[in-house]
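# Working through the structure, step by step
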Amino acid sequence: KIRLQLMKPATWIPLIWGVACGAAASGNYHAIWNLFGAAPTTDSWGVVGEDTLKAVGAMLLSGPILCGFTQTINDWYDRELDAINEPNRPIPSGAISEAEVYSQIAALLIGGLVLATRLDSWAANDWPVITLIASFGSLMAYIYSAPPLKLKAEGWLGTYALGSSYIALPWLCGHAMFSASTITPQEVVL
């Protein structure tokens, strides 16, 4: 329960939604309603089922795994401040040890990167775009929270890091899961 609390499940919702929006924007996601005439159409429950599983895989990567990594690492680097302002949180209260926090960070990061490579294979991407997205997001999460950069204390730089991690990267992950080759430079910049 403490490990899950550290990963802050309520923060996963926007990322999961971002994956769904990116999948829809790809033009190649076949949802259940596609069986009833919406474009792109299909009459195959198999295609709908596989696309649903692909979307769930991308949602798992973006939500619980990499967002969980982000939240855990952020709480670790905020532990001194939290000891004053929120002493009942898992790290400052001692409910989870330093070794357990490190193992959670490592497991989420490694698990996320392994899942990203598997999703790239499943999506048959020509280059590992989902793995690159996951790697960039993990780097942003680290430099957002950790010294010496600690971008969250740097105004606009922190806002960019947070926006790219929480909004853009899940969208791009969802899009890349269904059509990485159609991601445009404008989509990346926005």
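This text follows the structure it describes.
Okay, so let's go over this structure. Remember, predicted model here, so these are calculated numbers, not experimental data.

Along the chain, the regular secondary structure elements total nine helices and zero strands. Listed by position from the N terminus, the elements making up the chain come as α-α-α-α-α-α-α-α-α. Taken over the C-alpha trace, the chain has a radius of gyration of 18 Å; the compact-globule value for 190 residues is 16 Å, and the two agree within 12%. Burial analysis of the chain (190 residues in total) assigns 45% to the buried set. Accessible area for the chain stands at about 10,000 Å²; split by element, carbon and sulfur atoms hold 68% of it. Computing the positive centroid from 9 side-chain charges and the negative centroid from 14, the chain places the two 8 Å apart.

Before going further, it helps to examine the state of the cysteines. Across all of its chains, the model carries zero disulfides by this definition. With no disulfide of its own, Cys67 lies closest to Cys173 among cysteine sulfurs, the gap being 13 Å. We classify Cys173 as buried; its relative accessible area is 1%.

Bringing the nonpolar core into the picture now. Ranked by internal contacts, the top residues of the largest apolar core, which has 40 residues, are Leu61, Val101, Ile130, Ala176 and Met177. Of all elements in the fold, only α1 (2-7), α2 (12-25), α3 (45-77), α6 (98-123), α7 (129-145) and α8 (156-179) reach the threshold of two or more residues within this core. The element best represented in this core is α3, accounting for nine residues. Formed by five residues, the second largest nonpolar core is a distinct cluster that contains Met140, Ile143, Leu151 and Ala161.

Glancing now at the pattern of salt bridges. By the definition in use, this model includes seven salt bridges. A salt bridge links Asp78 to Lys150, with the shortest nitrogen-to-oxygen separation between them at 3.7 Å. Placement of the pair is Asp78 in the loop between α3 and α4 (79-85) and Lys150 in the loop between α7 and α8, with a sequence separation of 72 residues. When its relative accessible area of 11% is taken as the criterion, Asp78 is described as buried. We note a salt bridge from Glu80 to Arg79, for which the minimum N-O separation is 3.7 Å. We classify Arg79 as partly exposed; its relative accessible area is 26%.

Our focus in this paragraph is the packing of α3 against α8. α8 packs onto α3 with a crossing angle of 155 degrees between their chain directions and a minimal axis gap of 10 Å. By the angle class used here, α3 and α8 are roughly antiparallel. Pair α3 / α8 crosses with right-handed handedness. Here Asp51, Lys54, Ala55, Ala58, Leu61, Ser62, Cys67, Thr70 and Gln71 of α3 lie close against α8, whose contacting residues are Tyr166, Pro170, Cys173, Met177 and Phe178. For the contact of α3 with α8, a count of residues per class yields nine nonpolar, three polar and two charged.

Enumeration over the complete set of coordinates arrives at three aromatic pairs. Consider the rings of Tyr77 and Tyr142, whose centres lie 6.1 Å apart with planes at 85 degrees: the pair is edge-to-face. Remark: Tyr142 occurs in helix α7 and Tyr77 occurs in helix α3; sequence separation between them is 65 residues. Owing to a relative accessible area of 23%, Tyr77 belongs among the partly exposed residues under this scheme. On the accessibility criterion, Tyr142 (34% relative accessible area) is partly exposed. The residue whose ring lies beneath Arg79 is Trp76, and the NZ or CZ to ring-centre distance is 3.9 Å.

Reading the values: the criteria
Residues numbered from 1 in each chain as written. Predicted model: local features only at pLDDT ≥ 70, side-chain atom pairs only at ≥ 80, totals over all residues. Heavy atoms only, no water. Helix = DSSP H or I, 4+ residues; strand = E, 2+ residues; numbered from the N terminus. Rg over C-alpha atoms; globule rule 2.2 N^0.38 Å. Buried < 20%, exposed > 50% of the residue type's maximum accessible area, 1.4 Å probe, protein only. Areas by Shrake-Rupley, 256 points an atom, 1.4 Å probe, with all protein chains shown as cover. Lys, Arg positive; Asp, Glu negative; His and termini not counted. Charge placed at Lys NZ, Arg CZ, Asp CG, Glu CD. Disulfide = S-S within 2.5 Å. Core = buried A, V, L, I, M, F, W, Y, C linked by side-chain atoms within 4.5 Å. Salt bridge = Lys/Arg side-chain N within 4 Å of Asp/Glu carboxyl O. Axes fitted to C-alpha atoms, helices over the stretch in contact; angles between N-to-C directions. Parallel < 35°, antiparallel > 145°, perpendicular 65-115°, else oblique. Left-handed = near helix turned anticlockwise from the far one by under 90°. Contact = heavy atoms within 4.5 Å. Nonpolar A, V, L, I, M, F, W, Y, C, P; charged D, E, K, R; others polar. Phe/Tyr/Trp six-rings, centres within 6.5 Å; stacked < 30°, edge-to-face > 60°. Lys NZ or Arg CZ within 6 Å of the ring centre and 35° of its normal.

Any functional reading would require information beyond the geometric quantities listed.
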